[in-house]
Amino acid sequence: QVQLVESGGGLVQAGGSLSLSCAASGRTFRSYTMGWFRQAPGKEREFVAAISWSGGITDYADSVKGRFTISRDDAKNTVYLQMNSLKTEDTAVYYCAAGPRGLYSTQIADFDSWGQGTQVTVSS
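How each quantity is defined
- Residues numbered from 1 in each chain as written.
- Predicted model: local features only at pLDDT ≥ 70, side-chain atom pairs only at ≥ 80, totals over all residues.
- Heavy atoms only, no water.
- Helix = DSSP H or I, 4+ residues; strand = E, 2+ residues; numbered from the N terminus.
- Buried < 20%, exposed > 50% of the residue type's maximum accessible area, 1.4 Å probe, protein only.
- Contact = heavy atoms within 4.5 Å.
- Lys, Arg positive; Asp, Glu negative; His and termini not counted.
- Salt bridge = Lys/Arg side-chain N within 4 Å of Asp/Glu carboxyl O.
- Polar contact = N/O pair within 3.5 Å; in protein donor to acceptor, adjacent residues only side chain to side chain.
- Pairing = 2+ DSSP bridges.
- Axes fitted to C-alpha atoms, helices over the stretch in contact; angles between N-to-C directions.
- Disulfide = S-S within 2.5 Å.
- Core = buried A, V, L, I, M, F, W, Y, C linked by side-chain atoms within 4.5 Å.

## So, the environment of glycine 35
Then step 1. In this structure, glycine 35 sits in strand β4 (residues 32–39).
Then step 2. By relative accessible area, which is 1% here, glycine 35 ends up buried.
Then step 3. Among residues more than four places away in sequence, those in contact with glycine 35 are Ala49, Ala50, Ile70, Tyr95, Cys96, Ala97 and Phe111.

## Quick word on the side chain of glutamate 6
Then step 1. By secondary structure assignment, the location of glutamate 6 is in strand β1 (residues 4–7).
Then step 2. Of the side chains with opposite charge, arginine 45 comes closest to the buried, unpaired glutamate 6, at an N-O distance of 7.5 Å.
Then step 3. For glutamate 6, the side chain forms a polar contact with the main-chain nitrogen of cysteine 96, separated by 2.8 Å.
Then step 4. Polar contacts involving the side chain of glutamate 6 include one to the main-chain amide nitrogen of glycine 117, which spans 2.9 Å.

## Focus on the pattern of salt bridges
Then step 1. Tallied over the full model, the rule gives five salt bridges.
Then step 2. Here arginine 38 and aspartate 90 are joined by a salt bridge, their closest N and O atoms 2.9 Å apart. With a gap of 52 residues between them, arginine 38 in strand β4 and aspartate 90 in the loop between β8 (78–83) and β9 (92–101) connect regions that are remote in the sequence. Comparing arginine 38 with aspartate 90 shows no difference in burial state: the two are buried.

## As for the sheet that holds β8
By way of backbone hydrogen bonds, the strands of a sheet pair with one another, either parallel or antiparallel.
Then step 1. The strand order β1-β3-β8-β7 describes an open sheet built from four strands, whose pairing is antiparallel. The open sheet has two edge strands with one neighbour each: β1 and β7 (68–73). Strand after strand, the sheet turns through a mean of 15° between neighbouring axes, direction not considered.
Then step 2. As defined by bridge partners, β7 adjoins β8 across six bridges and the pair is classed as antiparallel. Bridged to serine 71 within β8 is tyrosine 80.

## As for the state of the cysteines
Defined simply, a disulfide is a covalent bond joining two cysteines at their sulfur atoms.
Then step 1. Evaluated as defined, the whole model comprises one disulfide.
Then step 2. Here cysteine 22 is linked by a disulfide to cysteine 96, with a sulfur-sulfur distance of 2.1 Å. An S-S torsion of about -75° defines the bridge between cysteine 22 and cysteine 96 as left-handed. Note that cysteine 22 is positioned in strand β3 (residues 18–24) and cysteine 96 in strand β9, a separation of 74 residues in sequence.
Then step 3. We classify cysteine 22 as buried; its relative accessible area is 0%.

## Some points on the nonpolar core
Where a protein is soluble and globular, its nonpolar side chains tend to be buried together.
Then step 1. Of all hydrophobic cores here, the largest spans 35 residues; its most connected members are Met34, Trp36, Val79, Leu81, Met83 and Tyr94.
Then step 2. Among the secondary structure elements, those contributing two or more residues to this core are β3, β4, β5 (46–51), β7, β8, β9 and β11 (118–123).
Then step 3. If we ignore the near neighbours within four places in the chain, the residues touching methionine 34 are Leu4, Phe29, Ala49, Ala50, Ile51, Ile70, Arg72, Val79, Cys96, Ala97, Ala98 and Phe111.

Next comes the structure, spelled out in structure tokens:
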């Protein structure tokens with residue numbers, strides 16, 4: 001498994017931007033599909049974005065499409081989530097996760113290494 005540490009969360013006004021980072025340990029980072037998920041109070045954890053091990057495939061939840069961008073820097077063992085035009089409904093704890101090695105998936109059940117989460121709060 002890979003160890004993950006998120007950073008970059010905080011409080012922002014609606015319409016603003018935040019950038020999340022997820023630093024991973026391990027020399028095999030480049031072989032993992034990486035994803036971002038979020039969980040709002042009283043709701044189930046949901047998919048936000050994923051990027052394949054090559055970076056050539058990305059997917060987004062409909063609710064964030066056009067506003068969020070996932071990217072990765074394998075030299076830094078880091079995956080990023082750039083969040084623009086934030087809405088109050090984006091308020092949640094955001095989790096970075098590592099998915100199956102060598103396979104691409106956006107299904108939460110396929111991600112088996114998780115960070116501790118970082119809080120994102122969007123005020124109106």
